[in-house]
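# Geometric and topological summary
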Amino acid sequence: MDVSPFVDLMTEVKAGFGRTMSRLPEIFGVSRQSLYNWLDGETPKDVHHAKLEQLAAAARVFTELGFKPTSATLDRTVAQGKSLLQLLSEGADGKEAAKKLVRIVQRGADSRARLDALLGGRKARPDASDMGTPTFNEEV
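Everything in this summary refers to the structure shown in the same document. On a predicted model such as this, the values are computed, not experimentally measured, just so you know.

Moving on, we come to the overall build of the protein chain. Check the secondary structure of the protein chain and you find seven helices and two strands. Starting at the N terminus, the α and β elements of the protein chain follow one another as α-α-α-α-α-β-β-α-α. Expressed as a percentage of the 140 residues in the protein chain, the buried residues total 35%. In the protein chain, 66% of the contacts between residues at least 6 apart in sequence involve partners at least 24 apart. In the form shown here, the protein chain has an accessible surface area of approximately 9,300 Å², with 51% of it arising from carbon and sulfur atoms.

Before going further, it helps to spend a moment on the environment of Lys82. When you line up the elements, Lys82 lands in strand 2 (residues 82-83). Residue class for Lys82 comes out partly exposed when judged on its relative accessible area of 24%. Beyond its immediate chain neighbours, meaning those up to four positions away, Lys82 contacts Arg76, Thr77, Leu87 and Glu90.

Unlike most non-glycine residues, Gln80 shows phi in positive territory, near 55 degrees. With respect to the secondary-structure elements, Gln80 resides in the loop between strand 1 (77-79) and strand 2.

This next bit is on the pattern of salt bridges. Counted according to the given criterion, the structure contains four salt bridges. Here Arg23 and Asp75 are joined by a salt bridge, their closest N and O atoms 2.6 Å apart. Of this pair, Arg23 sits in the loop between helix 1 (5-17) and helix 2 (25-28) while Asp75 sits in helix 5 (residues 71-75), and the two are 52 residues apart along the sequence. By relative accessible area, Arg23 is classed as buried at 17%. A relative accessible area of 46% places Asp75 in the partly exposed class. Two residues, Lys82 and Glu90, come together in a salt bridge whose shortest N-O distance is 2.9 Å. One network of salt bridges, with partners in common, ties together Arg23, Glu26 and Asp75.

Counting 32 residues, the largest nonpolar core has Phe17, Leu24, Leu52, Leu55, Phe62 and Leu84 as its most contacted members. At the level of secondary structure, the elements contributing two or more residues to this core comprise helix 1, helix 2, helix 3 (32-39), helix 4 (46-65), strand 1, helix 6 (84-89) and helix 7 (94-118). Broken down by element, this core gets its largest block of residues, seven residues, from helix 4. Ignoring anything within four residues of it in the chain, the contact list for Phe17 reads Leu24, Leu55, Ala58, Ala59, Phe62, Pro69, Leu74 and Leu84.

The next subject is the side chain of Ser4. Examined against the element boundaries, Ser4 turns out to sit in the segment before helix 1. Judged by its relative accessible area of 15%, Ser4 is buried. Engagement of the side chain of Ser4 in a polar contact is seen with the backbone nitrogen of Phe6, the distance being 3.0 Å.

Okay, the packing of aromatic side chains next. Working definition: an aromatic ring pair is given by the centre-to-centre distance plus the angle between the planes. Within this structure, the stated rule accounts for three aromatic pairs. Considering the side-chain rings of Phe28 and Trp38, the 5.0 Å spacing of their centres and the 90 degrees angle between planes classify their relative orientation as edge-to-face. One end of the pair, Phe28, is in helix 2; the other, Trp38, is in helix 3, with 10 residues separating them in the sequence. Between the aromatic rings of Phe62 and Phe67, the centroid separation amounts to 5.2 Å while the plane-to-plane angle is 45 degrees, which identifies the pairing as tilted. For Phe62, a relative accessible area of 1% puts it in the buried group. Of the aromatic side chains, those joined through ring pairs into one cluster are Phe17, Phe62 and Phe67.

Quick notes on the rules
Residues numbered from 1 in each chain as written. Predicted model: local features only at pLDDT ≥ 70, side-chain atom pairs only at ≥ 80, totals over all residues. Heavy atoms only, no water. Helix = DSSP H or I, 4+ residues; strand = E, 2+ residues; numbered from the N terminus. Buried < 20%, exposed > 50% of the residue type's maximum accessible area, 1.4 Å probe, protein only. Contact = heavy atoms within 4.5 Å. Areas by Shrake-Rupley, 256 points an atom, 1.4 Å probe, with all protein chains shown as cover. Salt bridge = Lys/Arg side-chain N within 4 Å of Asp/Glu carboxyl O. Core = buried A, V, L, I, M, F, W, Y, C linked by side-chain atoms within 4.5 Å. Polar contact = N/O pair within 3.5 Å; in protein donor to acceptor, adjacent residues only side chain to side chain. Phe/Tyr/Trp six-rings, centres within 6.5 Å; stacked < 30°, edge-to-face > 60°.

What follows is the structure, given as structure tokens:
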């Protein structure tokens, strides 16, 4: 018996999304068990085929770039005020949306690294829990 093309797509999705796969049912409006059923060879309803192909395209981008999405990165705004998962649920191009998400996350990491380098030797400012704590010698 031939392997369903949907099993191949779900295998790519699992590889690309890893631990965040539990977030993916929201794209389709199905249970998490449905995704695992697809992975085990069950054929998804026709209405889900195009979204599954776009999800696999996004997963391929993540795999190729060595990007491991987290739940927080999946919630990041990618375009039109929407996250990757929201865009995919609306039928967006998975490859382009995933590339955009990776660029956004990379830009943020680069900016933090530049800021850390700029502020390298500075002491951290006191936080709210430090308030009321003497910061100079009051005995003088």
